[in-house]
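Geometric and topological summary
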Amino acid sequence: MALTVLSKPANNSINSIFRPIKIEAEATDTSGSLALVRMSLRIQVDGSYINNNNPIIQDPDLDQTGASSLNTKFTFDISQILQNYFTHDLQTQGFEAGASTSNSFKTIGLFYGALYKDTTTNEITEASTENETGATFTFYGVNAAWQHLDTQNLDAYTLGSGSKLFLTPFGTDQAIKIKTSESYQLSGIYTGSTPDLKIYINAHKSSGGSEEFYIDVASVGNRFDLGVGCSNFANLVSGDMHSSNSGTLPIIESNVTEYDVILYDNTTQISGRYRFEIDRKSHDYSTRLTWKNRKGGFDSWTFDGAYSRGQNQSKETYDRNLGLSFSSTDRETSVLTSRANNTFSAYSGIIKEYVRLVLEELYTSPEVFLVDGTNHVPILITDSQVKTIDDDNKLFQVKVNYTYAFETVVNV
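These notes cover the structure that comes with them. (Residues numbered from 1 in each chain as written. Predicted model: local features only at pLDDT ≥ 70, side-chain atom pairs only at ≥ 80, totals over all residues. Heavy atoms only, no water.)

1. Describing the overall build of the protein chain
When helices and strands are tallied, the protein chain shows three helices and 28 strands. Taking 22 Å as the expected radius of gyration for a compact globule of 412 residues, we find that the protein chain reaches 28 Å, considerably beyond that expectation. Principal-axis analysis of the C-alpha atoms places the extent of the protein chain at approximately 90 × 80 × 45 Å. Here the protein chain holds 412 residues, and 45% of them are scored as buried. By element, 45% of the accessible surface of the protein chain is carried by carbon and sulfur atoms, the whole surface being about 20,200 Å². When the 32 positive and 48 negative side-chain charges of the protein chain are each reduced to one mean point, those points stand 5 Å apart. (Helix = DSSP H or I, 4+ residues; strand = E, 2+ residues; numbered from the N terminus. Rg over C-alpha atoms; globule rule 2.2 N^0.38 Å. Buried < 20%, exposed > 50% of the residue type's maximum accessible area, 1.4 Å probe, protein only. Areas by Shrake-Rupley, 256 points an atom, 1.4 Å probe, with all protein chains shown as cover. Lys, Arg positive; Asp, Glu negative; His and termini not counted. Charge placed at Lys NZ, Arg CZ, Asp CG, Glu CD.)

Encoded structure:
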């Protein structure tokens, strides 16, 4: 008997868990009194089986195209099962340098079994297996998705040259607005071996000059987040800087107007340049939101226009007859249960087209948080509106309505 894997993701390839991950295998039809009936598949995630006691059991393909003579073909899609084992990696406000993000990026291995029925005893046995859980067989799953018009892989987001992208819809050289008190995380994928990662910062000053810095990044694995916001830099000390650093802390001085971020592996530039524009204006309102984008990273934006707060309530009541004798505090209508939700609205300032497009991922994100000091408060975006301010110059204002992702606690 033989069990052969016909097709699967290539070794070390990076695969979206929100797209089909197709596995095809075949097994010999018969061997003596054994007749092939089904095939099983066990999945390893980061070295541990997630369905060892409940493997996927697959019937034979009706269309046997691709199967060898005297063999039966089976096809699996493991993407939906994997979705249950990936979450998000939201870093704390002001975290330094780099952080590993194991929840977003995992190694996948597969173990195949051919199930045979003994035509004499009618017993079912797993009489042929194929173990592809070793390092030369495994591939990666990542909690990233892409649109129909996108290139259908993550090549552009796998760091390795100056043209590669971080996991954000912000493009290279598009200004990301940030206040001096705010944190920001850029997420990346890099499968290079034993990297010597360092964050390059070029701080541009109002005088026209600039100052360069190199921040050391410890070994963080293939998927990581980098702390590149002003408050992240504020927590750095000299021991956090790379051995090649020549700049003098602090990075964000009072005359810094913007700064560039590039990731290096030793002397090799492995990412494009991302630019942050420091917003030093005072605002009457300031609502900062952070959300998981479609590539599995986190983006942030501060809505510094108008702000409003309200509350929706619903009650269940019952009525009783007070009779002829009652006091002024007796209730004819009493509350059985009460539910309440706070509702909020936040407006952006005047934004450009590229920001409007980035914010579209906020509206549909399953993980959105309100930044409240050092805390992340989970919220739900209920709806949004976009107003065109200047059609010729493509200027807009965005309004988002949201609620907390929990109810207001009431004493009923």
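2. As for helix H3 (residues 353–364)
Taken as a whole, H3 has its buried residues at Val355, Arg356, Val358, Leu359, Glu361 and Leu362. Residues of H3 that are buried in the fold lie against strand S21 (287–292), strand S22 (298–303), strand S25 (351–352), strand S26 (368–372), strand S27 (375–390) and strand S28 (395–404). (Contact = heavy atoms within 4.5 Å.)

3. Re the packing of aromatic side chains
Considering all chains together, one arrives at 15 aromatic pairs under this definition. Judged by centre distance (6.1 Å) and plane angle (25 degrees), the rings of Phe170 and Trp301 are stacked. Placement of Phe170 in the loop between strand S12 (139–142) and strand S13 (175–178) and of Trp301 in strand S22 is noted, with a sequence separation of 131 residues between them. What makes Trp301 buried here is its relative accessible area of 4%. Among the aromatic residues, those joined into a cluster by ring pairs are Tyr285, Tyr307, Phe344, Tyr402, Tyr404 and Phe406. The ring of Phe86 has Lys106 sitting right over it, with the charged end atom 5.8 Å from the ring centre. One Lys or Arg, Lys198, reaches over the ring of Tyr214 and ends 4.6 Å from the middle of that ring. (Phe/Tyr/Trp six-rings, centres within 6.5 Å; stacked < 30°, edge-to-face > 60°. Lys NZ or Arg CZ within 6 Å of the ring centre and 35° of its normal.)

4. Structural notes on the side chain of Arg42
Mapping Arg42 onto the fold places it in strand S5 (residues 34–45). Note on Arg42: relative accessible area 15%, which makes it buried. In this structure the side chain of Arg42 is engaged in a polar contact, spanning 3.3 Å, whose partner is the side chain of Asn52. For Arg42, the side chain forms a polar contact with the side chain of Glu126, separated by 3.0 Å. Once residues lying within four places of it in the same chain are set aside, the contact partners of Arg42 are Tyr49, Asn51, Asn52, Pro55, Gly109, Leu110, Phe111 and Glu126. (Polar contact = N/O pair within 3.5 Å; in protein donor to acceptor, adjacent residues only side chain to side chain.)

5. Re the environment of Ser271
Checked against the element boundaries, Ser271 lands in the loop between strand S19 (268–269) and strand S20 (274–278). Setting aside its immediate chain neighbours within four residues, Ser271 contacts Leu159, Ser161, Gly162, Lys164, Phe166, Ile262 and Leu263.

6. Observations regarding the pairing of strand S3 (residues 22–28)
Among the seven residues in S3, six count as buried, and that is most of the element. Note that strand S1 (residues 3–7) and S3 share four bridges and pair antiparallel. From the neighbouring strand, Val5 faces S3, where its bridge partner is Ala25. Summarising the sheet, S3 and strand S8 (residues 71–77) pair through seven bridges and their orientation is antiparallel. Counterpart to Glu24 in the pairing with S8 is Thr75. (Pairing = 2+ DSSP bridges.)

7. Some details on the sheet that holds S1
Pairing within the open sheet is antiparallel, and its three strands lie in the order S1-S3-S8. Since the sheet does not close on itself, it has two edges, and those belong to S1 and S8, each with one partner. Averaged over all adjacent pairs, the angle separating strand axes in this sheet is 25 degrees, with direction ignored. (Axes fitted to C-alpha atoms, helices over the stretch in contact; angles between N-to-C directions.)

8. Focus on the pairing of S20
Taken across its five residues, S20 has four buried, putting it largely inside the fold. In this sheet, S20 lies alongside S13 in parallel orientation, the contact comprising four bridges. Among the inter-strand pairings, Ile176 is bridged to a residue of S20, identified as Phe276.

9. Some thoughts on the nonpolar core
Ranked by internal contacts, the top residues of the largest apolar core, which has 55 residues, are Tyr259 and Phe276. Looking at which element gives the most residues to this core, the answer is S28, with five residues. The contact partners of Phe276, leaving out residues within four places of it in the chain, are Ile176, Ile178, Tyr184, Leu186, Val228, Glu258, Tyr259 and Val261. Counting 24 residues, the second-largest nonpolar core is a separate cluster that includes Leu34, Met39, Phe86 and Tyr116. (Core = buried A, V, L, I, M, F, W, Y, C linked by side-chain atoms within 4.5 Å.)

10. Focus on the pattern of salt bridges
Pairing between side chains becomes possible if they bear opposite charge and their charged atoms approach one another. Considering all chains together, one arrives at 21 salt bridges under this definition. Of the charged contacts in the structure, one is a salt bridge between Lys8 and Glu132, with a shortest N-O distance of 3.4 Å. Placement of the pair is Lys8 in the loop between S1 and strand S2 (14–16) and Glu132 in strand S11 (residues 124–132), with a sequence separation of 124 residues. By relative accessible area, Lys8 is classed as partly exposed at 23%. Asp46 serves as the salt-bridge partner of Lys106, at 4.0 Å between the closest nitrogen and oxygen. Within this pair, whereas Lys106 is found in strand S10 (residues 105–118), its partner Asp46 is found in the loop between S5 and strand S6 (48–49), the two being separated by 60 residues in sequence. Since its relative accessible area comes to 10%, Lys106 is described here as buried. (Salt bridge = Lys/Arg side-chain N within 4 Å of Asp/Glu carboxyl O.)

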